[in-house]
Amino acid sequence: MANEKNRIEFTKEMKKTYKILFPNMLDIHFHILQKVFKSYGYDVELLTESGQAVIDEGLRLVHNDTCYPALCTIGQMVHALKSGKYDINKTALMMSQTGGGCRASNYIHLLRKALKNSGMGNVPVISVNLSGLEKNSGFKITLPMLRRAIATLTYGDLLMLLDNQTKPYEINKGESRRTVEKWISKISDLFEKKRGISAKEMKTYLKAIVEDFKKIPVNRVPKVKVGVVGEIYVKYSAFANNDLEKFLYEQDCEVMVPGIMQFMLFKVDNRLEDIKLYGGSKAKYNVIKILFDYLTVFETYLVEALEGTDFVKPGTYRHLKKIVKPVIGYGCKMGEGWLLTSEVMELIENGYENIVCAQPFGCLPNHIVGKGMVRKIRTMHPDANIVAIDYDPGATKVNQENRIKLMLSVGKEKLMGK
Amino acid sequence: MIRLGLDVGSTTLKCTALNEKSEVLFSKYERHYSRITEKASEMLRELAGVFKDEKEISLCVSGSAGMGFAEKMGIPFMQEVYATRLAVKKLLPETDTVIELGGEDAKILFISGAQEVRMNGSCAGGTGAFIDQMATLLNLEPDNMNELSKAHTKIYSIASRCGVFAKSDIQPLLNQGAKKEDLCASIFMAVVNQTIAGLAQGREIEGKVVYLGGPLTFFSELRRSFDEALGVTGLCPDNSLYFVAYGAALSDEHKVFNLTELTEKIRNYSAEGNYKSCEPLFKSEEEYEEFKARHSLVYPIAGLTASKKAYIGIDSGSTTLKAVAINENEEIIYSEYMSNSGNPVPLVKAFLQRIYEKFPDINIVSAASTGYGEEIIKNAFHLDLGVVETIAHFTAAEKYDPEVDFIIDIGGQDIKCFKIRNKAIDNIFLNEACSSGCGSFLQTFAGALGYDIEEFSKKGIFAERPVDLGSRCTVFMNSSVKQAQKDGAGIENISAGLSISVVKNALYKVIRAQNADALGKNIVVQGGTFLNDAVLRAFEKEIGRTVTRPAISGLMGAFGAALYGKKRYKGEKSSVLTAKELESFTHEVKAITCHGCQNHCRLTVNTFDNGRKFIGGNRCEKPLNIKNTEKKLNLFEFKKELLASYKDTESKNNKPTIGIPMGLNMYELYPFWHTFFTSLGFGIKNTGDSTRKIYLKGQHTIPSDTVCYPAKILHGHIEKLIESDVDAIFYPCMSYNIDEGLGDNHYNCPVVAYYPEVIGANVTGLESKKFIKDYVGIHRRHDFPKKIHEILCRNFGKIKLIDVKNAAFKAYSEYENYMKKIRLEGKKYLKCANEKNLPVIVLSGRPYHLDPEINHGIDKLICDAGAVLITEDSISDMVEKFPTTVLNQWTYHSRLYAAAKYIAESGNKRINLVQLVSFGCGVDAITTDEVRGILESKQRIYTQIKIDEITNLGAVKIRLRSLFAATEND
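Residues numbered from 1 in each chain as written. Chains lettered and ligands numbered in written order. Predicted model: local features only at pLDDT ≥ 70, side-chain atom pairs only at ≥ 80, totals over all residues.

A closer look at the overall build of chain B
This is how the line gets drawn: Each helix is a run of DSSP H or I of at least 4 residues and each strand a run of E of at least 2, with the numbering of both proceeding from the N terminus. When we talk radius of gyration, it's over C-alpha atoms, and the globule rule is simply 2.2 Å times the number of residues to the 0.38. Burial is judged by counting other C-beta atoms within 10 Å of a residue's own C-beta: 20 or more means buried, 12 or fewer means exposed, and anything between counts as partly exposed, with every C-beta placed from the backbone. Residue pairs qualify as contacts under a 7 Å threshold applied to their C-beta atoms, which are placed from the backbone.
Along chain B, the regular secondary structure elements total 36 helices and 30 strands. At 30 Å, chain B has a C-alpha radius of gyration in line with the 30 Å of a compact globule built from 970 residues. Projected onto its principal axes, the C-alpha coordinates of chain B cover approximately 90 × 85 × 55 Å. Here chain B, with 970 residues, has 60% of them falling under the buried criterion. Partitioning the contacts of chain B with sequence separation of at least 6, the portion at a separation of at least 24 is 74%.

Shown next as structure tokens:
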């Protein structure tokens, strides 16, 4: 068992006076999330610092063969603590912890080790998890807060989706991004007023967002359509993936990055699958099923908001699960598990047949569900044009970009042929 | 108008000019030594000279180093693999597959059928650069390698993943006296294996194969190796160097330029210099002078004392040979430092002859050798002693700084660091094969950029903005340098940057230091690489304190060996060959394969005058004909025998026969499945221990080249089963393992858990065999029978649930029985070791490390050294669940922590843990630190051995001998 006894707890008293830092991953979602935490009395701050100094800090503190995301996030947090910007006796850190057989469940322990080795062992680290892995008296995810967080992810997914499909074609440069910014602040305001959360309001606002994007004048010339999948942090974090999305835009592509709600559904569904595969209590199954159904509703809101528009709708979780069945088992759940394979297949279905699969160098689950499944996907979709890119502190941008360019050349040729 | 394609590769520049009919008018090929713009403008000027009437040309750039350059100049760019494809389609439309090797890239293009292009990932080493590197190592010109290779008689297996690995395989072979002819051919074969394993990824290479690029153009033997491995006769067209340039010239994306203007523009093009940089090494000339004064390299040469007694120390390192003679006062009277050119024996002979010549009245009373070549030198010249290099270095360092508490030695090939506690070596760090960016790395780089090493490193001393290259292995460094050059870094800044990166590599990759104080207060640095002022300065700057560099920094190993000999001197005369004996000294080398066991070691038999023999390359004592009647206490052997006792069983009543691949978790669960299936009347077979041959059989279907070797090898086992007569292959997915109550959870690692999925998706031969890869949960004993019953019925028709329940019951008890036997036997060995006061090594890792192809016979090596060997799973049951600093959630890994805990608490310094770590094992990045932490919390030594396709047993021996030396000193 991990050492619970010596863990520094985040207490109720700390909640009143401490600042809580947490690393960025999904730009849109996390900016809103920051507001959610604030509205519940947590003085949080999103860390967005990137660059070599952060990586160096990570390299110093974390075993260099550990995955890149651990290096980035731990580097980022320790770097912030050492920056002098914060009173380290009044600062806590927050990190998500997924649980499961992947190395990622260990990040939080590696962070504590790193803090200890930097002489900051007294900084409390809050684990954000839904598995009951660690508890803190001063930090509780209440049900209303959970609902707000899930609403955030839904709004975030929609904004990301629409921005991705609008930005490459917009006639007035920057308009799509401005619309995103507008909605980030609008949703934050709504949350502060305890609004924008009920089913009815969510439907209204999601629809309003879609309408807003529809108004942006676009010129939909054919472009190479690229889907990005991969290990969750590297896929989403521009810091970790060397600004992959920006690079793809500069290469005149349309980029699609699947949202995070499906990942949440996947993680909950895994518990159901475990019981189905190996046996387990019916009562437990039913409780988890309620949570699963609850989350599915949000997905429905999102899909419904896109109904009747020209925007590409993300496939539902149900659909993703269906199409992957002939390729890989539902028991494959560590890391991104079968979901990653499925996302590739779904992107291809939706016309994004050029795929970048981004993962940390040596990512164990991705040996299986990423690189391991490419061959099989190709036999089903001969047009699939997939490139796997590894990220780590030593990999250079020029090498990565060269490989992506190769993939794009093939994509361009196919586009011309159409 | 002329259409020009310019191919800016990693090492060369190529251009092809076409007329309107796409006929070639002009081609040129040149090494650019990273002076890309200079060379490119020269090339254009030459072109302008040839085509005097052409004022304008239409241009497209391609090549791995051309991207940034083209972008900044506003020239259209075409990705090079794509360009190749265009060219091949035009020139050789019948082609099925193209294999193109460049300076640093390897590519395969599948043209016919589903078109695909593959490039080596960021880990796989470059091929042209790799061959160059190997040539440097062998002290040959690359062209000679091709010639020599023709005369080869045998092929050694050399790691095919990346250059650095291959290097650490070749070095020991060289030191054992393997023939260069064979090595050259083996290197080519390694390139072939790397290309096939890394790029084909399950797709067969067949039909009309075309070879392109520099290495395949220049080396006929490399082409022959490819032909042989692929079973084809490939074609290397006349213009094989120019396909990329030709493709770029054909491209639609062209832009027209005025030729003179463009030439000028390229010549004047200087990049912006916005690369990442570090602080300069020296801020001023004065700072450098102060530094030089502090680290003077001048040392006095003494003469023989009245007694004429002398002690000789020889350090036969990986790339250099160091030899020293000292007098009674421990002063150096003579020394040599030479590049060993692959064979140290003649150098030592010459050294000894010079000694005898220079000091006719010398009385050599002791001679000791150390380093990689310790044994062969000791045997060849009848030296008195051999000493493990760590001890030799410590002995020497102590002479310079009696308070020394940390020694770091960066040599040509390896980094060695050790901590000293209580006058004994306490902790050793050796560079794992993957991060060895050391001296020879700097040298190779200097060579590639057209400088000799001294000139090159001097250039870095006053660099204003050294390139920040981070800490990574050579292969990554190549592309980092490429990027820096693209960003406009000059040679000075690259040189300084490389020196800094060597230091960072040592500090953060090898030692994993967190701050300077963690190293020690009295640091002695040595080794040839520290003779380089830039490296030394970078080291001081990085750790923020001054260090001691002995004036004889490069000779420390030899000096230490001499001192060691002096310490042990008890008044006898040295047995070293006399001047007269040296005259008739001869040395011949022959390579043979030992068939003593399934390791099939490649032995090199060195024969000296009078038929004296020395055998190298052996992993055990068998080929040495040492009669050893006493049975070794080796729990690996016991486990293997126990596993072998579950014999292949015929089926009853026409029930199906199940085939099980012997790999990963099957190494532990076989007793379970064997009992389960035989109880049901099924037949069962397994594939037995792995061999290199089995690995190669499945190599072409491995989709991820960075996964661990134990996983890769499974592909071969599956192929073996496909060929066999089994009715079904049973290899289930298992997220969870048995819960032994030692951790918070009981997972398998993702690779063990889901590798059956990878097998199912990639091994095409499985279409003809029933393959069962269902998810199975043996951790839920109660539910298991019901669940497996469904799976069996689905695959084999109706089977009674009650029978399955019974079989499951028997399977669980057999599994428990199996584990119990191991635990009992382990305890028996422990007791026996205690009684006889023998050292014990707990060889820890995973159940599948039992496979001799995976552990490379390290178990035998340990036992031959006189230790009793037990395993982590034989003692983990003696420890209660306890708090760890990491999440303890994998069954196999919980045992590691428990074993470490047991050893730490035992208080018995004769029991030590050695952890085997498969290269690429992500989980072990976490477990190794934790195991080390548990051991070190009780001042115990942690030893880690990284294993891969090939393992450098020389380095393993050093670790083990140092470990034994450290524990004996108590």
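Topic: the overall build of chain A
Across its full length, chain A holds 17 helices and 8 strands. What you see for chain A is a C-alpha radius of gyration of 21 Å, in line with the 22 Å of a compact globule of 418 residues. In terms of overall dimensions, chain A has C-alpha extents of about 65 × 50 × 50 Å along its principal axes. When each of the 418 residues of chain A is scored for burial, the buried share is 54%. Long-range pairs, those at least 24 residues apart, make up 75% of the contacts in chain A between residues at least 6 apart in sequence.

A word on the domain arrangement of chain A
The accessible area lost on association of the parts is a frequent measure of interface size. Residues and elements named next belong to chain A. What counts is decided by this rule: Where a domain begins and ends is set by an automatic assignment or by a domain database.
Splitting chain A by domain gives domain 1 (12–140), domain 2 (142–220 + 284–305) and domain 3 (222–259 + 314–418). Its C-alpha centre places domain 2 at a distance of 24 Å from the equivalent point of domain 3. Across the boundary between the two partners, domain 2 contributes 9 residues, which contact 10 residues of domain 3. Secondary structure elements with two or more residues in the side of domain 2 that touches domain 3: α6 (143–166) and α12 (282–306). No other element matches α6, which puts 5 residues into the side of domain 2 that touches domain 3.

A look at the interface of chain A and chain B
To keep things clear, this is the line we draw: Here the nonpolar group is Ala, Val, Leu, Ile, Met, Phe, Trp, Tyr, Cys and Pro; Asp, Glu, Lys and Arg are the charged ones; every other residue, Gly included, is treated as polar.
Each side of the interface is counted separately: chain A has 59 residues, and chain B has 65 residues. Those elements that provide at least two residues to the side of chain A that touches chain B are α3 (52–61), α5 (107–117), α11 (261–278), α15 (364–369), α16 (374–380) and α17 (397–417) of chain A. Broken down by element, the residue count for the side of chain A that touches chain B peaks at 10 residues, all from α17 of chain A. Of the residues in the side of chain A that touches chain B, the class split is 22 nonpolar, 22 polar and 15 charged.

Points about helix α31 (residues 801–836) of chain B
Residues and elements named next belong to chain B. The test is simple: By this rule the span expected of a helix is its residue count minus one, scaled by 1.5 Å.
Over its 36 residues, α31 extends 53 Å from the first C-alpha to the last, a length consistent with the 52 Å expected when each residue adds 1.5 Å. Within the span of α31, buried status applies to Val-804, Ala-807, Ala-808, Ala-811, Tyr-815, Tyr-818, Gly-826, Tyr-829, Leu-830 and Ala-833. Each element contacted by the buried residues of α31 is listed here: α24 (635–644), α25 (666–679), α30 (784–796), β27 (840–844) and β28 (868–871). Asn-837 lies just past α31 and shows a positive phi near 55°.

Thoughts on the packing of α6 of chain A against helix α7 (residues 175–192) of chain A
Residue and element names in this part refer to chain A. Just so we agree on the cut-off: Between N-to-C directions, angles cover 0 to 180 degrees, with each direction set by a line fitted to C-alpha atoms, over the stretch in contact for helices. Each angle gets one of four labels, with under 35 degrees taken as roughly parallel, over 145 as roughly antiparallel, 65 to 115 as roughly perpendicular, and the rest as oblique. Take the far helix as the reference: if the near one is turned anticlockwise from it by less than a right angle, the crossing is left-handed, and if turned clockwise, right-handed.
Interhelical geometry of α6 versus α7 gives an angle of 170° and a closest axis separation of 10 Å. One finds that α6 runs roughly antiparallel with respect to α7. Judged by the twist between their axes, the crossing of α6 over α7 is right-handed. Two secondary-structure elements touch here, α6 through Arg-148, Tyr-155, Leu-159, Asp-163 and Thr-166 and α7 through Ser-176, Arg-177, Val-180, Trp-183, Ile-187 and Phe-191. Among the residues making up the contact of α6 with α7, the classes are represented as 6 nonpolar, 2 polar and 3 charged.

So, the sheet that holds strand β23 (residues 657–660) of chain B
Residue and element names in this part refer to chain B. For clarity, the threshold we go by: A pair of strands counts as paired when DSSP detects no fewer than two bridges linking them.
Taken together, the 4 strands give an open sheet; going across it, the order is β24-β23-β25-β26, and neighbouring strands pair in parallel fashion. Each edge of the open sheet carries a strand with a single partner, namely β24 (683–686) and β26 (770–772). The mean inter-strand angle of the sheet, taken between neighbouring strand axes irrespective of direction, is 25°. Two elements, strand β25 (residues 728–730) and β26, share 3 bridges in a ladder whose sense is parallel. Directly across from Ala-728, in β26, lies its bridge partner Lys-770.

A word on the packing of helix α2 (residues 27–39) of chain A against α7 of chain A
Residues and elements named next belong to chain A. At a closest axis distance of 9 Å, the pairing of α2 and α7 adopts a crossing angle of 20°. Comparing their axes, α7 and α2 come out roughly parallel. Crossing of α2 over α7 shows right-handed handedness. On α7, the residues that touch Ile-28, His-31, Ile-32, Lys-35, Val-36 and Ser-39 of α2 are Val-180, Ile-184, Ile-187, Ser-188, Phe-191 and Glu-192. Split into classes, the residues belonging to the contact of α2 with α7 amount to 7 nonpolar, 3 polar and 2 charged.

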